[in-house]
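# Observations on chain architecture
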Amino acid sequence: MYRLFALFILLSIFGSTMAQKVYSLEYSNQADVKVFVVKYENQADLKVFKVDYENQTGDNDGKWFFTDYANQADKKIYFVEYENQADLKIFFVNYENQAGWKEKKKMHLMY
């Protein structure tokens, strides 16, 4: 029983470090990353697919789960109004297999 409990704890810790759980803030000064949603896929640094469940998130591969509370998130983001205010430009895709980075130079923003 003890081994099973220890395994569960380890898997929980490992799983939470790989997740892309994000929380959308109301104020930009609280954000880890400022994000702008572009109109066209080819303008984006990252193509994002919103997953329905926390266990469907990926390891910095564009599969995001939006949390209900800031303390549950790995990254706190703020959606800016203008492109030049953003650290990261994203495009929301309709299918999971479309998610991912265009270039790897901004990947560090979501670690």
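Residues take numbers from 1 onward in each chain, read along the sequence in its written order. Selection of residues for local features in this predicted model requires a pLDDT of at least 70, selection of side-chain atom pairs for listing and counting requires 80 or more, and totals for whole chains, interfaces and linings are taken over all residues. Calculated side-chain values reflect all of the structure's heavy atoms, with hydrogen atoms and water omitted.

Once that is clear, we can look at the overall build of the chain. Per the secondary structure count, the chain includes one helix and seven strands. Helical segments are the DSSP runs of H or I of at least four residues, strand segments are the runs of E of at least two, and each set is numbered from the N terminus. Reading the secondary structure of the chain in the N-to-C direction produces α-β-β-β-β-β-β-β. Burial analysis of the chain (111 residues in total) assigns 34% to the buried set. In the chain, once contacts between residues fewer than 6 apart in sequence are set aside, the share between residues at least 24 apart is 77%. When the accessible surface of the chain is split by element, carbon and sulfur atoms take 51% of a total near 7,900 Å². Any residue under 20% of the maximum accessible area for its type is buried, any over 50% is exposed, and the rest in between are partly exposed; the area is computed with a 1.4 Å probe on protein chains only. Whether two residues touch is decided by their heavy atoms; if any such pair falls within 4.5 Å, the residues are in contact. To be clear on the numbers: accessible area is Shrake-Rupley with a 1.4 Å probe, and residue cover counts the displayed protein chains and nothing else.

When you line up the elements, Val35 lands in strand β2 (residues 33–37). For the pair Val35 and Glu81, spaced 46 residues apart in sequence, the C-alpha separation works out to 9.0 Å. Those residues within four positions of Val35 in sequence are excluded, and the remaining contacts are Ile77, Tyr78, Phe79, Val80, Ala86, Leu88 and Ile90.

This paragraph deals with the nonpolar core. Formed by 13 residues in total, the largest nonpolar core has its most connected members in Val33, Leu46, Trp64, Leu88, Ile90 and Met110. Residue contacts for Trp64: discarding those within four places in its chain leaves Gln20, Val22, Leu46, Val48, Phe49, Lys50, Val51, Thr57, Ile77, Ile90 and Met110. Among buried residues, those of type Ala, Val, Leu, Ile, Met, Phe, Trp, Tyr and Cys that are joined through side-chain atoms within 4.5 Å constitute a nonpolar core.

In this structure, Asn60 takes a positive phi of about 55° despite not being glycine. Mapping Asn60 onto the fold places it in the loop between β3 (46–50) and β4 (63–66). Residue classification places Asn60 among the buried positions, given a relative accessible area of 3%.

One speaks of a salt bridge when a side-chain nitrogen belonging to Lys or Arg is within 4 Å of a carboxyl oxygen belonging to Asp or Glu. If you walk through the whole model with that rule in mind, you get seven salt bridges. Across the pair Lys63 and Asp61 runs a salt bridge, and its minimum N-O distance is 3.5 Å. One network of salt bridges, in which partners are shared, links Asp61, Lys63 and Glu96.

Inspection of the secondary structure puts Tyr82 in the loop between β5 (75–79) and β6 (88–92). Along the primary structure Tyr82 and Phe36 are separated by 46 residues, whereas in three dimensions their C-alpha atoms are 6.9 Å apart.

Further remarks concern the confidence of the model for the chain. You can read pLDDT as the predictor saying how much it trusts each residue, on a scale of 0 to 100. Averaged over every residue, the pLDDT of the chain is 87; residues scoring 70 or more account for 83%. Low confidence marks residues 4–19, where pLDDT is under 50. Its contacts with residues over four positions away, or in another chain, come to eight contacts.

Time to look at the pairing of strand β1 (residues 21–24). The pairing of β1 with β4 spans two bridges and is classified as parallel. Across the sheet, residue Val22 finds its bridge partner in β4, namely Phe66. Two strands qualify as a pair provided that DSSP identifies no fewer than 2 bridges between them. Strand direction decides the pairing type here: β1 and β5, joined by three bridges, are parallel. When the bridges of β5 are listed, Ser24 appears paired with Ile77.

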